[in-house]
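# Working through the structure, step by step
The chain contents come next:
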Amino acid sequence: MDMESLAISKSDTKVEDVAVKTVILGEAYIARKEKTGKPDRFVRLLGDKGKVLLAFFTAQ
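These notes cover the structure that comes with them. (Residues numbered from 1 in each chain as written. Predicted model: local features only at pLDDT ≥ 70, side-chain atom pairs only at ≥ 80, totals over all residues. Heavy atoms only, no water.)

Of regular secondary structure, the protein chain possesses zero helices and four strands. Along the protein chain, from the amino end to the carboxyl end, the secondary structure elements read β-β-β-β. Burial analysis of the protein chain (60 residues in total) assigns 22% to the buried set. The contacts in the protein chain between residues at least 6 apart in sequence include a share of 22% that link residues at least 24 apart. A total of about 4900 Å² of accessible surface is found on the protein chain, and carbon and sulfur atoms cover 54% of it. (Helix = DSSP H or I, 4+ residues; strand = E, 2+ residues; numbered from the N terminus. Buried < 20%, exposed > 50% of the residue type's maximum accessible area, 1.4 Å probe, protein only. Contact = heavy atoms within 4.5 Å. Areas by Shrake-Rupley, 256 points an atom, 1.4 Å probe, with all protein chains shown as cover.)

Structure (C-alpha cells):
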C-alpha cells in the first residue's frame, strides 16, 4: 500500500444490518505477471473490530 495515498474516514452507517465503521481509499501495488508499475486503486470497508467487509480493487 502507498501510505501517502490513504484516505481513512470514520463512518457510522449500516448496509442492511451490518455496521460500517471505517472507509479506506488508497492505492496499492499488486504483484501480477504483467508488470505495469502502476498502482491499483482500492476501497475497503471495515466493520466492528476492524473486520474487512469489502475490498474492491480497480486498475487505473
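There is more to say, and it comes next.
As a further point, take the sheet that holds strand E1 (residues 7–15). By definition, the strands of a sheet pair up through backbone hydrogen bonds, in either a parallel or an antiparallel sense. With antiparallel pairing, the four strands of this open sheet are ordered in space as E1-E2-E3-E4. The open sheet terminates on both sides in strands that have one partner only, identified here as E1 and strand E4 (52–59). Pairs of neighbouring strands in the sheet enclose a mean axial angle of 20°, with direction left out of account. Sheet topology places E1 next to strand E2 (residues 18–28); seven bridges connect them, and they run antiparallel. Residue pairing in the sheet places Thr13 in a bridge with Val20 of E2. (Pairing = 2+ DSSP bridges. Axes fitted to C-alpha atoms, helices over the stretch in contact; angles between N-to-C directions.)

Moving on, we get to the environment of Val43. Note on placement: Val43 falls in strand E3 (residues 40–46). What makes Val43 partly exposed here is its relative accessible area of 29%. Taking the C-alpha atoms as reference points, Val43 and Leu54, eleven residues apart in sequence, are found 7.7 Å from one another. Here Val43 is in contact with Ile24, Leu25, Leu54, Ala55 and Phe56, once residues within four sequence places are set aside.

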